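Observations on the three-dimensional arrangement
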Amino acid sequence: MFDQCMAKSHVGHIALMVVLGLLSIANGAEAQLATLEGRVVDVGGEPLFGASVFLVQNRLHGVVTDGDGAFKLRFADTSRLSDTLCAMYMGYGTLRMPLQEALSLRPLVLVLREDQVSLRAVVVRANPSATREYAVKKVSKWDVYSAPDAAGDALKMVTLMPSSTSESSERAEPELRGSSSALSRVVLNRVPLYKPVRMLDIEGSGIFSILSTDAIAEQRVYASNPPLIYGNALAGLVEVETAKEQHRRETAVGLGLSSVGTIHQQPIGKSVFIYTAANYQHSAPYLWVNQLSEVKEFQSADLGLNIHAALTKDLTLNLYSFGIWERYAAEQRTLWGLPLPMEYAEWRNFNILNLKQRLGMGYLTLNFGTDIWNSRFSWGQVKPNERWYSTYTNLDYIHYLTPDWTLQVGLLHDWKQANYACTFPQFTYAPDRAEGNYSFTNIAEQHVGELYAYSSAKLTPFLHLGGGTRVKLPVFGQQWDWSLQGNLRCDLTSDFWVQASAGRYGGYIPPNTETQQFLPASSQQYALEMQTSWYTMTWFMAGYYKQENALEAPTDQNIAQEVLRRIAGFEFNYRWVFSPCLLSFSYTYLYSRIRIHDTWYLARNALDYLLRSSFQFTNRWVGTLSLACMYRPGMRYTPIVHGVPSELPDHSRPVYGEYFSRQLDDYFTLNFSWSLPIVLPKAILVVYASATNLLGRKNQMAQYYAPDYSQPTDYCYYAPRSYYFGCQVRF
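Values in this document were obtained by computation on a predicted structure and should not be read as measured data.

1. As for unusual backbone geometry
- Each neighbour pair has its own omega, and for S579 with P580 the value is 10 degrees, a cis peptide bond.
- Inspection of the secondary structure assignment puts P580 in the loop between β30 (561-578) and β31 (581-596).
- For Q516, which is not glycine, the phi dihedral falls at a positive 55 degrees.
- Here Q516 lies in the loop between β27 (496-509) and β28 (519-534).
- Backbone geometry places K682, a non-glycine residue, at a positive phi of 65 degrees.
- Assignment of secondary structure puts K682 in the loop between β39 (667-680) and β40 (683-692).
- You can call K682 exposed: its relative accessible area is 82%.

2. What about the packing of aromatic side chains?
- Summed over the entire model, instances satisfying the criterion amount to 26 aromatic pairs.
- When the ring of W373 is compared with that of W388, the centres are 5.9 Å apart and the planes differ by 5 degrees; the resulting orientation is stacked. With W373 in strand β21 (residues 362-379) and W388 in strand β22 (residues 383-402), the pair connects residues that are 15 residues apart, well separated along the chain.
- We classify W373 as buried; its relative accessible area is 4%.
- An angle of 70 degrees between the planes, with centres 6.4 Å apart, marks the rings of F424 and Y438 as edge-to-face.

3. Details of the side chain of S722
- Tracing the chain through its elements places S722 in strand β43 (residues 722-730).
- A polar side-chain atom of S722 sits 2.6 Å from a polar atom in the side chain of T692.

4. Section: the pairing of strand β41 (residues 700-705)
- Across four bridges, the pairing between β41 and strand β42 (residues 712-717) is antiparallel. Note that in β42 the partner of Y705 across the bridge is P712.
- Linkage of β41 to β42, two consecutive antiparallel strands, is achieved through a turn of six residues, within which Y709 is found at a positive phi near 60 degrees.

5. Overview of the environment of M361
- Here M361 shows up in the loop between β20 (339-359) and β21.
- Taking the relative accessible area as the measure of exposure, M361 reaches 31% and is therefore partly exposed.
- Between the C-alpha atoms of M361 and T402, which are 41 residues apart in sequence, the distance is 8.9 Å.

6. Let's talk about the pattern of salt bridges
- Tallying each qualifying case throughout the model produces 19 salt bridges.
- Two residues, E167 and R604, come together in a salt bridge whose shortest N-O distance is 3.1 Å. Note that E167 is positioned in the loop between α5 (154-158) and β9 (185-188) and R604 in the loop between β32 (599-602) and β33 (607-619), a separation of 437 residues in sequence.
- Residue E167 is classed as buried on the basis of its relative accessible area, which comes to 8%.
- Residue classification places R604 among the partly exposed residues on the basis of a relative accessible area of 27%.
- Residue R190 pairs with D396 through a salt bridge whose shortest N-O separation is 3.2 Å.

7. Some words on the sheet that holds β9
- The strand order across the open sheet formed by five strands is β8-β13-β14-β9-β10, and the pairing between neighbours is mixed. Single-partner strands in this sheet number two, and they are β8 (137-139) and β10 (191-193). The sheet shows a mean angle of 20 degrees between the axes of neighbouring strands, taken without regard to direction.
- Bridging between β8 and strand β13 (residues 216-222) involves three bridges; their strand directions are antiparallel. Counterpart to K138 in the pairing with β13 is R220.

Calculation rules
- Residues numbered from 1 in each chain as written.
- Predicted model: local features only at pLDDT ≥ 70, side-chain atom pairs only at ≥ 80, totals over all residues.
- Heavy atoms only, no water.
- Helix = DSSP H or I, 4+ residues; strand = E, 2+ residues; numbered from the N terminus.
- Buried < 20%, exposed > 50% of the residue type's maximum accessible area, 1.4 Å probe, protein only.
- Phe/Tyr/Trp six-rings, centres within 6.5 Å; stacked < 30°, edge-to-face > 60°.
- Polar contact = N/O pair within 3.5 Å; in protein donor to acceptor, adjacent residues only side chain to side chain.
- Pairing = 2+ DSSP bridges.
- Salt bridge = Lys/Arg side-chain N within 4 Å of Asp/Glu carboxyl O.
- Axes fitted to C-alpha atoms, helices over the stretch in contact; angles between N-to-C directions.

See below:
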């Protein structure tokens, strides 16, 4: 009977995913489109051939003017009315116009004025990276807010991509294409952030990011072969830039089920822009609505500041500062299901300074960051306390050898120090027993100095080639190491591109409470990606292979040893916008193997399928309604096969079986969200609500055993059904 129920449940989940998938690949001929036609000319009325015309929030669907300067731009008729039309041409100033205004002009003629400093002005204003065009995903803050199931969180949006292989939608730290989050980096304003998440669990994974979505101008995701200008990116990279301009004063005040917050941003004169944000969170109302038995309390407060200033015509400054304090209390069970109290508290402050100076046909940038955080954790007799200090310094210069050929070189220094003051039980399998507890302190420190050079060239109007190297210098007690990368991109049409990339990367895995040391790591990656669009439908496909070498501590050991991973995968995503709806469907296959003690095993995250699908409906009166689901096989784990007598008379010592030889049940979740903007006199009120794990499914996360480990008993589960709602007013 149990097997029949499981089979019906399995079929039901597949059916729901297939229905949403079939809907998303249905005929899109009935999509309601708007068409904007016009011409781009100079001040003398001469047509500009080859000018780029696009919408700021949807740059991938831009067009290029013909020999008469004419263009025809198609877009979803209701979803882009708040967008901005942009026209660009080399040697001319950029023209920006609200899309709604452009639609009202007949005929539409965009007049570009010649820039007297030509390329020099373009360089400083655009501030491009030599590797920017190789990102597989580029989004703005509005894309984050409108993404189903992202909860307005910039990093949670990454976990919804087909490139993400995170085991659940509850975690915010990126895991890209089968790799651990420890091998990927999140970069804010050219400075990497270690653990850019909050509300960490016992494994160090966070539920939300520490990034303020309202401050984001653009976020780029490199799922494979991350830019060489950032050190220690071994798998993938998420690059985030904050806004550098604000043309009007804006204030927002929000009130949610567990939080209250405010945001204020405004220009000061013509050369300074300031952004501030503050939030306070308390669990009492949230836990009253959502009866989560294992969560006892959580509380946090944070404050953010961003200042951007043009000090001179050629010199700009940007300062971003963020501080947070948080704590929570919960219950976490032992391997045999005994609940033990768990408490966590942390405060953190990071600051990022960017100075950019124009120098002839390029610009010189100084990027400097500091990060200090202190955490106290306890679970039974396991009590690791950490204090981190980190600085990151980067001097970067990018030069335009020609309008289509750039050279980027730089020097970086990355310093980290982790201080530990820990108390651990003598017997790791008995975290509830204080007998024989031992305490110690430890300091893990590392200096890394690296040089890099990267060059990118546009060989033809549709062919881009890039390549470079990064070398770790033998200073501060470090050994020589090197990284190498090559990229090739073909823009076959304005709606169809293909890119290939390959690279070898050297770096390290930061310490945690188990290893408490910096461990060397390296990876090799090969990826082929393509994307094509037709009207409002978009297809994306990618195939990749990579090999990762690292020192790790396997499940049954506390001693780090060399572990080799081989990962190959395929991903497909289909997106269809047909006003007023949006449908998306993605499929990911992940071949993942791990070698321990010269023997190969299936890895924890080997996936025959990872299916995601979402549906979004937008209506002026109803608002935006979203459904998003995720379905995958259960994660693999190393089982405990039996117990043996131990030094403690009332405890057994577990004996582990073959690595990753057992598998949990399939994982399925369905999430719902709704938001409605209400226009008020001189303000906009947005109300929202969401329900996660709408069906209340008990998704298995780990196995519990009998006290003597003679048999499995129960499971630890991911979060049950929960609700959240709130509102925000902007004025």
